[in-house]
Amino acid sequence: MHPSLEKVLEKINQWKDSPNNSWSDEAEKWFREKYDGEKEVEGPLNNELDAFRHAYGSALMSYYVGKFISGLIFDGHELGAANVPLEHRMDVWNNEVGRMIYDQIKSSLDPTKTKESLFLGQIADIPIPKDSKDLDKVKEKIAEAVIQALERGVLAKNLEDERLKKLFPDDPKLEKDQKGVGCEDLAKITKDARDLLEKEKNTLDPNAGASPNPDGTGEGGGGSDSGENGGGGNENA
């Protein structure tokens, strides 16, 4: 294994064991506080809460380690997940929205605290995030942006979202509903998600109007100005 990749895996394991690595629980807390009694979700997967978790975690990890490694962590999780094709696509779509959200809010963050262009070998030097008032403010900004993405129809909140079928539409696994995804197919899915979101990247602008398709069934979406997104995984994703 490449030494840089070993460092990445070592750091990821440190985050998993850290009490401050609670992004999944935090995402659910934000969701429940915002929609207490308003949105009823059954189970943790393929619903609005699942969409919220992926976007929140992806954006927060982009703040911690940059979008490239955030992509490795979140998208690459799909490589080991026994999901059906649309589940992979829903997760990848919402991960990409999370990285786009980071792009939208990073200008308002302390530039000395963000990680824009990390190489794999540098990740070992990044300290595990510690709770602080500044970090709480970052998390609040991210949560507010994800809420906006959900309400404007940017997030894919279920497997019926028609946009998901446009991500690597020639994939033979789609028709067969076959579980699992390989690296090459994942790269195609991620690229298509990024390209579709790029066309609607102003949707998350706080000054922009609401998406014309708030139910997530149309072309709504957002994008990232950067092509640095990769693939990666998190056991909670």
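Just so you know, the residues in each chain are numbered from 1, in the order the chain's sequence is written. Only residues with pLDDT of at least 70 get local features here, since the model is predicted, and only at 80 or more are side-chain atom pairs given and counted; chain-wide, interface and lining totals rely on the full set of residues. Side-chain measures here rest on the full set of heavy atoms in the structure, leaving out hydrogens and waters.

Draft legend 1. Layout of helix H3 (residues 48-65). Secondary structure elements are taken from DSSP: a helix is a run of H or I of four residues or more, a strand is a run of E of two residues or more, and numbering for both begins at the N terminus. The span expected for a helix works out to 1.5 Å for each residue beyond the first. For H3, with 18 residues, the first-to-last C-alpha span of 26 Å sits near the 26 Å given by 1.5 Å per residue. Per-residue accessibility, obtained with a 1.4 Å probe over protein chains only, is compared with the maximum for each type, and a residue is labelled buried under 20%, exposed over 50%, and partly exposed between these values. Of all 18 residues in H3, 18 are buried, a share of seventy percent or more. For H3, the capping residue at the N-terminal end is Asn-47, with a side-chain oxygen 3.2 Å from the backbone nitrogen of Leu-49. The positive-phi residue at the C-terminal boundary of H3 is Gly-66, with phi of around 90°. In protein, a polar contact requires one atom able to donate a hydrogen and another able to accept it; more generally it is a pair of N or O atoms within 3.5 Å, and residues adjacent in sequence count only if both atoms are side-chain atoms.

Draft legend 2. Region of the structure containing the pattern of salt bridges. Salt bridges are counted wherever a side-chain nitrogen of Lys or Arg sits within 4 Å of a carboxyl oxygen of Asp or Glu. Applying the stated criterion across every chain, the model contains 16 salt bridges. For Glu-48, the salt bridge is made with Lys-157, and the minimal N-O distance between the two is 3.8 Å. Taken together, the residues span a long stretch of sequence, with Glu-48 in helix H3 and Lys-157 in the loop between helix H6 (133-151) and helix H7 (172-176) at a distance of 109 residues. Just as Glu-48 is buried, Lys-157 falls in that class too. Each of the salt bridges in this network shares a partner with another, and the network as a whole consists of Asp-75, Glu-96, Arg-99 and Arg-194.

Draft legend 3. Summary view of the nonpolar core. Residues enter a nonpolar core if they are buried and are Ala, Val, Leu, Ile, Met, Phe, Trp, Tyr or Cys, with the set joined through side-chain atoms within 4.5 Å. Residues Phe-52, Tyr-56, Trp-93, Val-97, Ile-142, Val-146 and Leu-155 are the most contacted members of the largest nonpolar core, which totals 52 residues. Of all elements in the fold, only helix H2 (23-34), H3, helix H4 (67-75), helix H5 (85-105), H6 and helix H8 (183-198) reach the threshold of two or more residues within this core. If one sorts the elements of this core by residue count, H3 sits on top with 11 residues. With residues up to four places along the chain from it excluded, the contact list for Phe-52 reads Ala-27, Trp-30, Phe-31, Ala-143, Val-146, Ile-147 and Leu-155. In what follows, residue pairs with any heavy atoms lying within 4.5 Å of each other are defined as contacts.

Draft legend 4. Seen up close, the packing of aromatic side chains. Side-chain rings of Phe, Tyr and Trp (the six-membered ring for Trp) are treated as a pair once their centres are within 6.5 Å; stacked means planes under 30 degrees apart, edge-to-face means over 60, and tilted covers the remaining angles. Here the structure, examined in full by the defined rule, presents five aromatic pairs. Aromatic pair Phe-31 and Phe-52: ring centres 5.9 Å apart, planes at 70°, arrangement edge-to-face. On the criterion of sequence distance, the pair formed by Phe-31 in helix H2 and Phe-52 in helix H3 is long-range, its members being 21 residues apart. Phe-52 shares its class with Phe-31; the two are buried.

Draft legend 5. The arrangement of the confidence of the model for the protein in detail. When pLDDT is averaged along the protein, the result is 78, and 67% of the positions lie at 70 or above. Confidence of the predictor at the level of single residues is given by pLDDT, which spans 0 to 100. This model gives residues 117-121 a pLDDT under 50, and the stretch forms 13 contacts once residues within four places in sequence are excluded. Segment residues 214-237 is flagged for pLDDT under 50; beyond a separation of four residues in sequence, or across chains, it makes 98 contacts in the model.

Draft legend 6. Just the side chain of Arg-163, in detail. You can see Arg-163 is positioned in the loop between H6 and H7. Relative accessible area serves as the criterion here: at 1%, Arg-163 is assigned to the buried category. Of the polar contacts made by the side chain of Arg-163, one reaches the backbone oxygen of Leu-155; its length is 3.2 Å.

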